Every structure is written in structure tokens, then in C-alpha cells.
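Each chain is listed here by its residues.
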Amino acid sequence: MLSYLIRRIAYALPIMVGVALLCFLLIHLAPGDPLVSILPPDASADLQRQLMQLYGFDRPLVEQFAGWLWRALHGDLGTSIATGRPVAAEVFKAVGNTLRLACLATLLGFIVGAFLGFVGGYYRNSVMDRVASFVSVIGVSVPHYWLGMVLVILFSTQLMWLPPTGAGPGGSGEWTADWAHFRHMILPAVTMSVIPMGIIARTVRALVAETLSQEFVVGLRARGLTDLGVFLHVVKNCAPTALAVMGLQLGYLLGGSILIETVFSWPGTGFLLNAAIFQRDLPLLQGTILVLALFFVILNLAVDILQGLFDPRIERS
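The name recorded for the protein chain in an unreviewed UniProt entry is Glutathione transport system permease protein GsiC, from Achromobacter kerstersii. Of the protein chain, the UniProt comment under Sequence similarities (unreviewed entry) reads exactly: "Belongs to the binding-protein-dependent transport system permease family."

This is how it looks when you write it as C-alpha cells:
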């Protein structure tokens, strides 16, 4: 297991460096001047030159990347052009908010999706299978930003059961583990969980159907094993793939929640990315994308390791 772990970490390191390089180059290839958002319309050439030197935009790209990467390794992601605050502080605060929301959404999606998948896989071609397949297809197909607006209209405007926006009472961006703050998570978490629910349901349904058709299941039943025992064997065989899908969905939710967080004004990375894009805040944009991309790589590494623990055949291969 130790050699497998070392190999996976060795594979992940160059990927992380490549992610940092792509993140840096893609931002600099975007059109426009990042200093436009803070420069007055009548700014002099001297002021523009001073700001270019301050943010390092006057140096060659290779030198800029080396300096940026070195500072990033020490936890310094630069200073936001729009706000003047450290990028690291803003990004990690937003990552915490998004991580809470994404974990809750992934958990909801996994529980409902796994239930629908097992029902559909065990009772193939039945009414329950058709209902589970219909729900999973709807979950994958429905636009989540549209669903978010519908939920706000229904549960916030009409019924007035749940708050429509923000992370806390009064639009607070600070999180506290109490019911008043948890209520603000319900609508965005349910909205985010719909797509993972559909994907996990379809994946688990295919895995269960394939596992039940294998010869070892027939052998288990012939030996007199109970339905619960067969079910546990099916779960054990489906767990590695289902875990990998769950980990990927969590990573996608962390990086792809920009529309949902904008709809619900949730102060996470999606909301931060949206603000950075419109303000042309390059340091904030770079820092946010880098942290999300590295988190995705680390998450994949953790899923690979967990798969090896669940299924020793993966390690031997």
C-alpha cells in the first residue's frame, strides 16, 4: 500500500505544476487591462507605470510565473486589485463556505441517488426502475440555476419558509453552526444536489445490474446466503466506482457552483469568481482558480487511495 501511495503522489505533483502553469497562462491570455478597474479615467502614464511595477505586470511572463509560484508555495497569492486585501484570506474564506455547501449537496445527492440506483438495479424493468430512471434523467437534465430560482419563488416568496439569499441572518457572510445559518444552506444545497443525484443514480443502477448478473451472486444464493448478505456483497463490489463518482461530483460542485452561488448570493468561490471576472481582478481570479484546481487534484488523489483500500485489485494493477 505504501508503494501505491508514493506512486500516486508522484503522479500528482507534475499535474499540480501543470495546473498552476495553465492557470497563470490562461488568465494572462485573456483580453483587457486588469488595472482598468482601479485606474481613474484621466490616469497619467506615470501612475499606470507605477501600478504596473507594483503588481509586477511589467516583467516577462516567465519571471512573473516563477515569482507568483514561489509566493503561492509560501501561502501568498498576492493582493486583490479591486479591494486591496490579501487574496489568500478572501479565497480560503470563500472555499470554506463553498466546501460546506458542496459537502452537504454531495451527501444529499449520494443518499438519494444511491437509493434510486439500488432500487432500479434490483428491480430492473419494473415500475420502480422506470420511476427511478425518470427522476435521475430529470436531475441530470434540469438547469440548476433555473431550479434555484423556482425554489426561491416557491419556498421563499410564496411559502416564506426559507431565506432566499445570503449565508446567514441579515446577509452575513460569517458561518455559525446553528439553525439560523443552516436554514440559508437548504435551498442552494438542494439545488446543487440535483445533478450529482442523477449521475450517481444512473451509475449505481448500472453497477448493481451488472453485479447481480455475475456468476458469484448465483453461487452466493446457491450457498443459502440471505438477501441481506447478497446485498452487502453487491455494495462492496459497487463501492469503489460509486466512491470515485462521488468524489468527482464533489470536485465539480466546488468549481462549478458559480451560477448557483450567484442566484443565492452565497459568499463562496463561485460568487468570488463572478466578482473577479467582472472586475478584471487578475490576482483574485488566479488565486481562486489555483486553489480550486489543486483541491480537485488532491480530491482525486484521496479518492484513488480510498479506492485502493476498498478494492485491493486496484493497488495490484
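Now that the structure has been shown, the text picks up again.
## Notes on the overall build of the protein chain
Summing up its helical and strand segments, the protein chain has 13 helices and zero strands in all. Helices and strands in the protein chain line up, N terminus first, as α-α-α-α-α-α-α-α-α-α-α-α-α. Expressed as a percentage of its 317 residues, the buried residues of the protein chain come to 41%. Put simply, 73% of the contacts in the protein chain that link residues at least 6 apart link residues at least 24 apart.

## Focus on the packing of aromatic side chains
The tally for this structure, following the rule as stated, stands at two aromatic pairs. Arranged with centres 5.8 Å apart and planes meeting at 35°, the rings of W179 and F182 form a pair that is tilted. Remark: F182 and W179 occur in helix α7 (residues 179-212); sequence separation between them is three residues, near one turn of the helix. Judged by its relative accessible area of 32%, F182 falls in the partly exposed class.

## Remarks on a nonpolar patch on the surface
On the surface, V127, V131, F134, V135 and I138 cluster together into a nonpolar patch covering about 460 Å² of accessible area. Structurally, V135 can be placed in helix α5 (residues 127-141). Judged by relative accessible area, which is 31%, V135 ranks as partly exposed.

## Comments concerning unusual backbone geometry
Most peptide bonds are trans, and most residues other than glycine sit at a negative phi. The phi dihedral of N125 is positive, around 65°, even though this residue is not glycine. By the secondary structure assignment, N125 is in the loop between α4 (87-122) and α5.

## As for the UniProt feature "transmembrane region" (unreviewed entry) in the protein chain
Per the UniProt record, "transmembrane region" (unreviewed entry) is annotated on residues 9-30, 99-119, 131-155, 185-204, 242-264 and 284-306. With 100% helix and 0% strand, residues 99-119 has its two end C-alpha atoms placed 30 Å apart. With 92% helix and 0% strand, residues 131-155 has its two end C-alpha atoms placed 25 Å apart.

## Some points on the pattern of salt bridges
A full pass over the atoms with the stated rule returns two salt bridges. Its salt-bridge partner being E90, residue R85 comes within 3.1 Å of it at the nearest N-O pair. Between D129 and R205 there is a salt bridge, and its shortest N-O distance comes to 2.7 Å. With D129 in helix α5 and R205 in helix α7, this residue pair connects regions lying 76 residues apart in the sequence. For D129, a relative accessible area of 4% corresponds to the buried category.

## Describing the environment of Y145
With respect to the secondary-structure elements, Y145 resides in helix α6 (residues 144-158). Among residues more than four places away in sequence, those in contact with Y145 are L259 and V263.

## A word on the nonpolar core
Most often, soluble globular proteins have nonpolar side chains that are buried together. With 42 residues, the main nonpolar core has W68, L77, V91, M192 and L290 as its most contacted residues. Where this core is concerned, the elements lending two or more residues are α1 (2-29), α3 (61-73), α4, α6, α7, α9 (227-255), α11 (269-279) and α12 (282-310). No other element matches the nine residues that α4 contributes to this core. Not counting residues up to four positions away in its chain, the partners in contact with M192 are L101, A102, A105, L253, S257 and I260. Within the second largest apolar cluster, 14 residues are counted, among which are V204, L212, L220 and C238.

Reading guide: rules and limits
- Residues numbered from 1 in each chain as written.
- Predicted model: local features only at pLDDT ≥ 70, side-chain atom pairs only at ≥ 80, totals over all residues.
- Heavy atoms only, no water.
- UniProt positions renumbered as here; feature names shortened; annotations may be inferred.
- Helix = DSSP H or I, 4+ residues; strand = E, 2+ residues; numbered from the N terminus.
- Buried < 20%, exposed > 50% of the residue type's maximum accessible area, 1.4 Å probe, protein only.
- Contact = heavy atoms within 4.5 Å.
- Phe/Tyr/Trp six-rings, centres within 6.5 Å; stacked < 30°, edge-to-face > 60°.
- Patch = residues over 30% accessible without salt bridge, like charges linked within 9 Å, V, L, I, M, F, W, Y side chains within 5 Å.
- Areas by Shrake-Rupley, 256 points an atom, 1.4 Å probe, with all protein chains shown as cover.
- Salt bridge = Lys/Arg side-chain N within 4 Å of Asp/Glu carboxyl O.
- Core = buried A, V, L, I, M, F, W, Y, C linked by side-chain atoms within 4.5 Å.

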